[in-house]
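As a plain string of letters, each chain reads:
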Amino acid sequence: MMPVDQSRRSALVDSAHAVFRGEFGDRTDVAVALAPGRVNLIGEHTDYNGGFVLPMAIDRYVAIAFARSEGRRVRAHAVRFGETDSIELPVPKPVGAGHWSDYVAGVVAMYARAGDPPPGLDLAIVADLPVGAGLSSSAAVELATARALTAATDRAWDPIEAAQRSRDAEHDFAGVPCGIMDQLVVAAAREGTAMLVDCRTLDRRYVPIPAELRVVVLDTGVGRSLAAGGYADRRGACEAAVQILRRHDPGVVALRDVDGALLDRARHDLDDEEFMRSQHVVAESPRAVDCARALETGDVERCRRLLVDSHWSLRDLYQVSCPELDLMVSLACAHEGCIGARLTGAGFGGSAVALVRLDAVDDFVARIGSAYDGMTGRRAALHVCRPVDGVAIV
Ligand code: GLA
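Residues numbered from 1 in each chain as written. Predicted model: local features only at pLDDT ≥ 70, side-chain atom pairs only at ≥ 80, totals over all residues. Heavy atoms only, no water.

A.B. asks: Requested: an account of the site of the ligand, with residues and values cited.
C.D. replies: Arg38, Glu44, His45, Asp47, Tyr48, Cys178, Gly179, Met181, Asp182, Tyr231, Gly345 and Ala346 make up every residue found near the ligand. Between the ligand and the protein, one listed contact pairs an oxygen atom with a side-chain N or O atom of arginine 38 at 3.0 Å. Within the side chain of tyrosine 231, an N or O atom sits 2.6 Å from an oxygen atom of the ligand. Burial of the ligand by the protein chains amounts to 98% of its free accessible area of 310 Å². A breakdown of the residues in the shell around the ligand according to their chemical character gives five nonpolar, three polar and four charged. (Near = heavy atom within 4 Å. Polar contact = N/O pair within 3.5 Å; in protein donor to acceptor, adjacent residues only side chain to side chain. Areas by Shrake-Rupley, 256 points an atom, 1.4 Å probe, with all protein chains shown as cover. Nonpolar A, V, L, I, M, F, W, Y, C, P; charged D, E, K, R; others polar.)

Right, dumping it as structure tokens:
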């Protein structure tokens, strides 16, 4: 019997082919670009501060069936929205307000801007990756588009370049000043591992997830929108803090270069917000490095401490949690099979992540889901996830 995730993946790829046929007709040259979502284990809001992150790609996907077409336009059909959009070259301005086709158009525009204008292309997009749950469905759409564009023109695939162009698309077309984490892990993840990334150099170390642990994503059902401003405000406060800290140490380029002693010296020049945001980043980036080491050495106690400290810091210093995320994390941490839990991704709703012992995972999923639903009147969605490879043609 095929493992569950493999059969789910095959079903998704089949459905991408079927949707393509329905929208664009029967063609022989159709391939599928399959891009995973991601969950970040630790190292939150550190990527755009030049620090460390520890994300992994998960076995929930966006699949894009694609084939070349006549003309110079990219036609994209998204099943989830029941819409087909035609992106003419050169690419016009974004639709805005987080329209799904902006993620496709943005990537097309960035490839064109870099001197790699895409050919005419038809795309059919299907997904089993939830939208708005903080699992980077936008990065998955971007990287699947980038992979399809590259394959359609027989260009060499460069995951770093694709991640950077996709991030630029998110800035210019979706209006979210995100870091590189999501796009890079969707582009370059490896099966069975989380990826420790130095977001300044983009150096990566692949850290095996111990076989006796499962990664569980706990979607609170509280929708979130990064473009709404909270994310950009946090990033702005970090950048303002860097300008001030540089007066105390001209070597500071990003919060990555700051330690607790320097922060204390500059305390009176920073406003409360700048100080708290900086405190979080300065402690969170080393936590990602420590957690990678703790996973490698099987130091479960250390993992627990780091995950919980990260959550509290995001709640109290970075102020990106919400009551539902706090509840989910405390319910998860109270379960005897749970190694640790924290909010994951940008925050402001979305999901928490928990590391759970394999032998306890079924009980964990059943009990935490119903406890959360009972206490909030919402519906949690819990996903037991496997670490998978980054985007690929299948
Ligand atoms: C979002 C962004 C990432 C990162 C996280 C917070 O997912 O896209 O670049 O900043 O938030 O760690």
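A.B. asks: Describe the packing of aromatic side chains, naming the residues involved and giving the relevant values.
C.D. replies: As enumerated under the stated definition, the model contains three aromatic pairs in all. Taken together, a centroid distance of 5.4 Å and an interplanar angle of 70° make the contact between tyrosine 48 and tyrosine 231 edge-to-face. Highlighted residues: tyrosine 48 in the loop between β1 (31-40) and β2 (52-53) and tyrosine 231 in helix α6 (residues 230-248), separated in sequence by 183 residues. On the basis of relative accessible area, tyrosine 231 is assigned to the buried category, the value being 7%. Ring plane angle 5° and centroid distance 6.3 Å describe the contact between phenylalanine 81 and tryptophan 100, whose orientation is recorded as stacked. Placement of the pair is phenylalanine 81 in the loop between β4 (74-78) and β5 (83-87) and tryptophan 100 in helix α2 (residues 100-113), with a sequence separation of 19 residues. Classification of phenylalanine 81 as partly exposed rests on a relative accessible area of 42%. (Phe/Tyr/Trp six-rings, centres within 6.5 Å; stacked < 30°, edge-to-face > 60°. Helix = DSSP H or I, 4+ residues; strand = E, 2+ residues; numbered from the N terminus. Buried < 20%, exposed > 50% of the residue type's maximum accessible area, 1.4 Å probe, protein only.)

A.B. asks: Residues and numbers for the nonpolar core, please.
C.D. replies: In this structure, Leu54, Val104, Leu123, Leu218, Leu245, Leu295 and Phe364 are the most contacted members of the largest nonpolar core, which totals 144 residues. The element best represented in this core is strand β3 (residues 55-68), accounting for ten residues. (Core = buried A, V, L, I, M, F, W, Y, C linked by side-chain atoms within 4.5 Å.)

A.B. asks: Provide a residue-level description of the sheet that holds strand β11 (residues 351-357), including the pertinent values.
C.D. replies: Sheet strands pair via backbone hydrogen bonds, and the direction of the pair is either parallel or antiparallel. Read across the sheet, four strands follow the order β10-β11-β9-β12 without closing on themselves; strand pairing throughout is antiparallel. Each end of this open sheet is capped by a strand with a single partner; those strands are β10 (338-343) and β12 (381-385). Ignoring which end each strand starts from, the neighbouring axes of this sheet average 20° apart. Bridge count between β10 and β11: five bridges; the pairing is antiparallel. (Pairing = 2+ DSSP bridges. Axes fitted to C-alpha atoms, helices over the stretch in contact; angles between N-to-C directions.)

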